[in-house]
Every structure is written in C-alpha cells, then in structure tokens.
Amino acid sequence: DGRLTFHPGNQTVDLPFINFMKRYGTVFLNAYTNSPICCPSRAAMWSGLFTHLTESWNNFKGLDPGYVTWMDLMEKHGYRTQKFGKLDYTSGHHSVSNRVEAWTRDVDFLLRQEGRPMVKLTGDKTHVRVMEADWRTTDKAVDWIKEEAINLTQPFVLYLGLNLPHPYPSPYAGENFGSSTFLTSPYWLEKVTYEAIKIPKWSSFSEMHPVDYYSSYTKNCTGEFTKQEVRNIRAFYYAMCAETDAMLGEVISALRDTGLLKKTVVIFTADHGELAMEHRQFYKMSMYEGSSHVPLLVMGPGIKEQQQVPNVVSLVDIYPTMLDIARIPVTQNLSGHSLMPLLCGKAENEVSPRGPRPSWVLSEFHGCNVNSSTYMLRTGKWKYIAYSDGRSVLPQLFDLSDDADELTNVAVKFPVIVHSLDKILRSIVNYPKVSSSVQEYNKRQFIIWKQSLGQNYSNVIANLRWHQDWLKEPKKYENAIDKWL
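For clarity, every value in this text was computed on a predicted model and none was experimentally measured.

Draft legend 1. Structural context of the overall build of the chain. Regarding its fold elements, the chain presents 17 helices and 13 strands. In terms of overall size, the chain behaves like a compact globule, its C-alpha atoms giving a radius of gyration of 22 Å where 485 residues would be expected to give roughly 23 Å. On the principal axes, the C-alpha backbone points of the chain span a range of 65 × 55 × 45 Å. Per-residue burial over the chain gives 58% buried out of 485 residues. For the chain, contacts bridging at least 24 residues in sequence account for 74% of all contacts bridging at least 6. For the chain, the accessible surface area stands at approximately 20,600 Å², while carbon and sulfur atoms represent 51% of it. Within the chain, the 51 negative side-chain charges are centred at a point lying 2 Å from the centre of the 52 positive side-chain charges.

Pasting the structure below:
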C-alpha cells in the first residue's frame, strides 16, 4: 500500500530502507496501479500501455509473450539484463477457479470465492525469514550484484520481483483456496505500532455500493469481525511489509558494499496494494486507495534527494522512464510519460517531446471478485469511478482532500464535476465499448472451457473455490449460468 511510504501511514510500521530511499531520493505521493491485480498491472508496467490496449483482462490473460518490454529494448541497446522472482506479466499461473470466477462475474449469483481473511503467527522472536522463497530470490539478486554486476564493463539492469507482502494461500478448503492468510513471525510483528493502527469505518450493507457488496461477499468479508480481528489483520499485513522492506535492504546493502550504489538508479514499486479490511474487504481488485495506490520511490545519480512529488503518476510511466535513463529513444506511442523531469526536480515547462504530462491517471479492472468492469480517473483532489456502460451501475466520486477514507460518494452532489470527469475518461477510453468486449470475451472463454470438459463439467464447476456455497444448491447455480449464456 503506497500510503505506508509517507506520513501519516509510515507511523504504523518501521520501514528503515524505504526511509533510506526517501532520504537519498524521491518519493511519489500519488502513484497508482493501472489495474489493481497482479497480471494486468504488470502487463501495464512492462508494456507502458493501458489495460484496454494490452487487453490483459484478468490474472490469466496478460501480455502477448512476444511483446517487446523496456528490458528487451535495454538489452538490445547494450545493457546486461537479469530478472529474478515473480514476473507474471504474460500470464499468471493462476488456478482454473481464478479464470472461471473472472469469466462468470456477470452471472446473477453470489458465491464466496476466497477464504475468510485470517492471521497466523509462526516461529519465535528470532524467526526472520518467514517468506523463504522470497528470501532465496533476494539472495540470488544479492549474489548476482556481488559476483556479476561488479565485474561488468557494460551497464546493467536488474529486476527483482517479490511475492510479499501478499497474503498466503489458505490450504484448508477447495481448489487452490483463496490467499487469505496473513502470516508473520513475532520478529516482524514487533516492528508494528499497534496504537497507530486505524480501524476502518464500515458502512452498513444497505449503504454499500452494489459492486462493493458483491466484492465483500465474494471475498468472504460479510460475516462478523471483531475490532481485534480487524486490527490483527492490519498489523500482520504491516509486519509483512516490514519483511519486504528488509529484502529491499539486502539489495541496497549489496550495492553499497560493491561501490555500485552511487552510480545505480534504484526503483521500488508494487503492482497493487492491499485493502486489509478497509471498506469491508481485504485483498485488491478495488479502486479504493488501499488497493490502487502503490509505492514509488526512486534514488540514484541525478535524482533529487528528500523530494516528495505530489503529481499523479502510474505504472505505465516506468517504461518511458527506463528508456529515458538509458537514453533510448521512445519510438512507439506509449500510455505513460517519463518520470525523469519530476525526479530531477525540473520545472513542468521543460517537457518531453511528447508534450506535457497529463494531469490525470487511469486505472481499470476487468477480473474476478468484481461484477463489473471498473474505471478510475484520478485528477487533482477528485477520484471518479465509472462502471460497466456508465448507465446501469451508478458512478462514484470522492473528494480525497476532504474524505481521505473515501466514505462519502458525492457523485449526486456534484453532477457538473461528474459530467466533466466522465468526458475526460471517455476521451481516454471508450469504456462502454471496452466493457462490452470484455463481457463477450468472458462468455466466449467460458463456453470454450465448458465444451472442453464434456461430461465432467457439472462435477468440475461444483468443486472450484466456491464449492462450499455451490454444493448447497448446485442446480440453481448451473441454471443461472445457462440463463447468462
């Protein structure tokens, strides 16, 4: 969650290496994902293109494998390139459930898709390496810096992708049941200031936006949660962020030990955030700040120190920024703009050849846990969220300067603002048309999948992640799908 990297969020957990990057570099106060879920978000970051252009609709459908990423171009221009860890931008290795849930989101039923969010403490106060796979990946990156990068005569670009701070899969039920367990050790939990943890205000079900209600239900968050449960989920999430920060620290230390730190640009970001029980939800797939606001910190030669940038930026800006750093000309028409003018503290009038950076960012979502394509435009103090065709589901408007927790939808109160923001949104993306093509894609993919199963269809669909709900009335749910088809 990007809000943890600056005040007041950073009071809840000790993140020494994030703070190190702030001291010696620049932090972006308003950086957003272009799609709040792993695969589509990464597709945007690696391609520099908005989701409706890459057609990365869900966690299974990402970039075409042959797409030329910024790293491919840097390699072509003489950089030594190296990737470690999670990539997930051509296709997420996600379960059949994940796909089917995304395809059937227009079906008129409510089924729980995730496990109820919970916490789990492991080990004792000496247990540092909780997420062992990420630590092994970090060790590989550190070894590469110390053994390879130090001896290179050419410039290098190293990518390290971590899973943390991602909730862990809960193995207790069904096909790859939801990642709903927040796991940490007492060592990391000690880094969290419990008194500073804010308990989010929850609206009653009757006041919830219909899309929020659907998300809360499918994420198994509509039951009763005590304040202590909510506080623990948030604390364990922050502890997982502290463990992630320590991995960043290993990389920074390796660069410092090899003398490479002063001549290396370091960028820290994420594919999306985590709601951690805000708006009666955990996980992501939402345009609320907890899910869509990402960290973005940059330090290195020529980058202004102790700078906080208020401009709205997003992950599509990474592509042109990487090319700018490497002085590689941008040939194609990208959705993003280089961050270098902002990073160097240059005036806005020293703009790139592509013209000025827009005053808005776009995020969109078309996957599971949400029963409508969703589009978010953030500009100035406003966040405008439009759904589906723009008519069948009411939009939301939040004034973030006055309502940072996004509790009051003021769309009805400010029709003129809604109209003007909707006009800007439609000038960027014909969203009713995109929503319609996603609906067609979902139906087409579901039919292909159903036909491939033949006689096994009823059994397979009944035993996906939603089996606990489905098996109560399997015929009812199969009929709902038939009606949709």
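Draft legend 2. Spatial organisation of unusual backbone geometry. Residue P8 is bonded to the preceding H7 through a cis peptide linkage, with omega at 0°. Looking at the secondary structure, you find P8 in the segment before α1 (16–24). Of note, Q306 is a non-glycine position whose phi angle comes to about 50°, a positive value. With respect to the helices and strands, the residue Q306 is situated in the loop between β8 (296–299) and β9 (307–314).

Draft legend 3. Up close: the pattern of salt bridges. Per the stated rule, a full pass over the model turns up 21 salt bridges. Taking the shortest distance from any N to any O, the salt bridge between K383 and E289 comes out at 2.7 Å. Linking K383 in strand β12 (residues 382–387) with E289 in helix α10 (residues 289–292), this pair joins segments that are 94 residues apart in sequence. As far as the burial class goes, K383 and E289 line up, both buried.

Draft legend 4. Structural view of the side chain of R357. Position of R357 among the secondary structure elements: in the loop between α12 (340–343) and β10 (360–365). In terms of polar contacts, R357 uses its side chain to reach the backbone carbonyl oxygen of H337, at 2.9 Å. A distance of 3.3 Å separates the side chain of R357 from the backbone oxygen of S338, its partner in a polar contact.

Draft legend 5. Here's a closer look at the packing of helix α14 (residues 431–453) against helix α17 (residues 474–484). At a minimum axis separation of 11 Å, α14 and α17 run at an interaxial angle of 125°. Relative to α17, the element α14 is oriented oblique. Both α14 and α17 take part in a crossing whose hand is left-handed. Each of N442, K443, F446 and K450 in α14 lies in contact with α17, whose residues at this interface are I481, D482 and W484. When the residues that make up the contact of α14 with α17 are grouped by side-chain class, the tally is three nonpolar, one polar and three charged.

Draft legend 6. Representation of the packing of aromatic side chains within the structure. Tallied over the entire structure, the rule returns 25 aromatic pairs. The interplanar angle of 65° and the centroid separation of 5.4 Å between the aromatic rings of W382 and F414 together place this pair among those described as edge-to-face. Highlighted residues: W382 in strand β12 and F414 in the loop between β13 (396–399) and α13 (415–428), separated in sequence by 32 residues. Judged by relative accessible area, which is 29%, F414 ranks as partly exposed. Arranged with centres 6.2 Å apart and planes meeting at 75°, the rings of W449 and Y457 form a pair that is edge-to-face. Ring pairing ties together the aromatic residues F182, Y237, Y238, F282 and Y283, which thus form one cluster. The ring of Y187 carries K191 above its face, with NZ or CZ at 4.7 Å from the centroid.

Draft legend 7. A look at α13. The end-to-end C-alpha separation of α13 is 20 Å, in line with the 20 Å expected for 14 residues at 1.5 Å each. Turning to α13, its buried residues number three or more, namely V418, L421, D422 and L425. Looking straight down α13, one finds that the buried residues subtend no more than 105° of arc, so they occupy a single side. Facing away from the buried side of α13 by over 90 degrees, the exposed positions are V416, H419, K423 and S427. Those residues of α13 that are buried lie in contact with β10, β11 (374–379), β12, β13 and α14.

Draft legend 8. Region of interest: the nonpolar core. With 76 residues, the main nonpolar core has M21 and L255 as its most contacted residues. Looking at which element gives the most residues to this core, the answer is helix α9 (residues 227–257), with 17 residues. Not counting residues within four places of it along the chain, the set of residues in contact with M21 comprises T26, L248, I252, V266, F268, L297, V298 and M299. Among the nonpolar cores identified, the runner-up in size contains 40 residues, and V316, W360, V429 and W484 belong to it.

Draft legend 9. Representation of the packing of α1 against α9. Two numbers describe how α1 lies on α9: the axes approach to 7 Å, and their chain directions differ by 50°. Put simply, α1 runs oblique to α9. Counting all contacts with α1, which are made through P16, F17, I18, F20 and M21, the residues of α9 involved are D245, L248, G249, I252, S253 and R256.

Draft legend 10. Focus on helix α6 (residues 132–147). A rise of 1.5 Å per residue sets the reference length of α6, with its 16 residues, at 22 Å; its end C-alpha atoms lie 22 Å apart and thus fit the reference within 8%. Turning to α6, its buried residues are D134, W135, T137, T138, A141, V142, W144 and I145. Turning to α6, the residues buried within the fold contact β2 (80–85), β4 (156–161), α7 (186–189) and α9.

Draft legend 11. View of the sheet that holds strand β3 (residues 118–121). Strand order in the open sheet made by the three strands is β3-β6-β5, with mixed pairing throughout. The strands lining the two open edges of the sheet, one partner per strand, are β3 and β5 (168–169). Relative to strand β6 (residues 179–184), β3 is paired through four bridges, and the arrangement is parallel. Opposite V119, over in β6, you have F182 as the bridge partner.

Rules used in this analysis
- Residues numbered from 1 in each chain as written.
- Predicted model: local features only at pLDDT ≥ 70, side-chain atom pairs only at ≥ 80, totals over all residues.
- Heavy atoms only, no water.
- Helix = DSSP H or I, 4+ residues; strand = E, 2+ residues; numbered from the N terminus.
- Rg over C-alpha atoms; globule rule 2.2 N^0.38 Å.
- Buried < 20%, exposed > 50% of the residue type's maximum accessible area, 1.4 Å probe, protein only.
- Contact = heavy atoms within 4.5 Å.
- Areas by Shrake-Rupley, 256 points an atom, 1.4 Å probe, with all protein chains shown as cover.
- Lys, Arg positive; Asp, Glu negative; His and termini not counted.
- Charge placed at Lys NZ, Arg CZ, Asp CG, Glu CD.
- Salt bridge = Lys/Arg side-chain N within 4 Å of Asp/Glu carboxyl O.
- Polar contact = N/O pair within 3.5 Å; in protein donor to acceptor, adjacent residues only side chain to side chain.
- Axes fitted to C-alpha atoms, helices over the stretch in contact; angles between N-to-C directions.
- Parallel < 35°, antiparallel > 145°, perpendicular 65-115°, else oblique.
- Left-handed = near helix turned anticlockwise from the far one by under 90°.
- Nonpolar A, V, L, I, M, F, W, Y, C, P; charged D, E, K, R; others polar.
- Phe/Tyr/Trp six-rings, centres within 6.5 Å; stacked < 30°, edge-to-face > 60°.
- Lys NZ or Arg CZ within 6 Å of the ring centre and 35° of its normal.
- Expected span 1.5 Å × (residues − 1).
- Arc of directions from axis to C-beta.
- Core = buried A, V, L, I, M, F, W, Y, C linked by side-chain atoms within 4.5 Å.
- Pairing = 2+ DSSP bridges.

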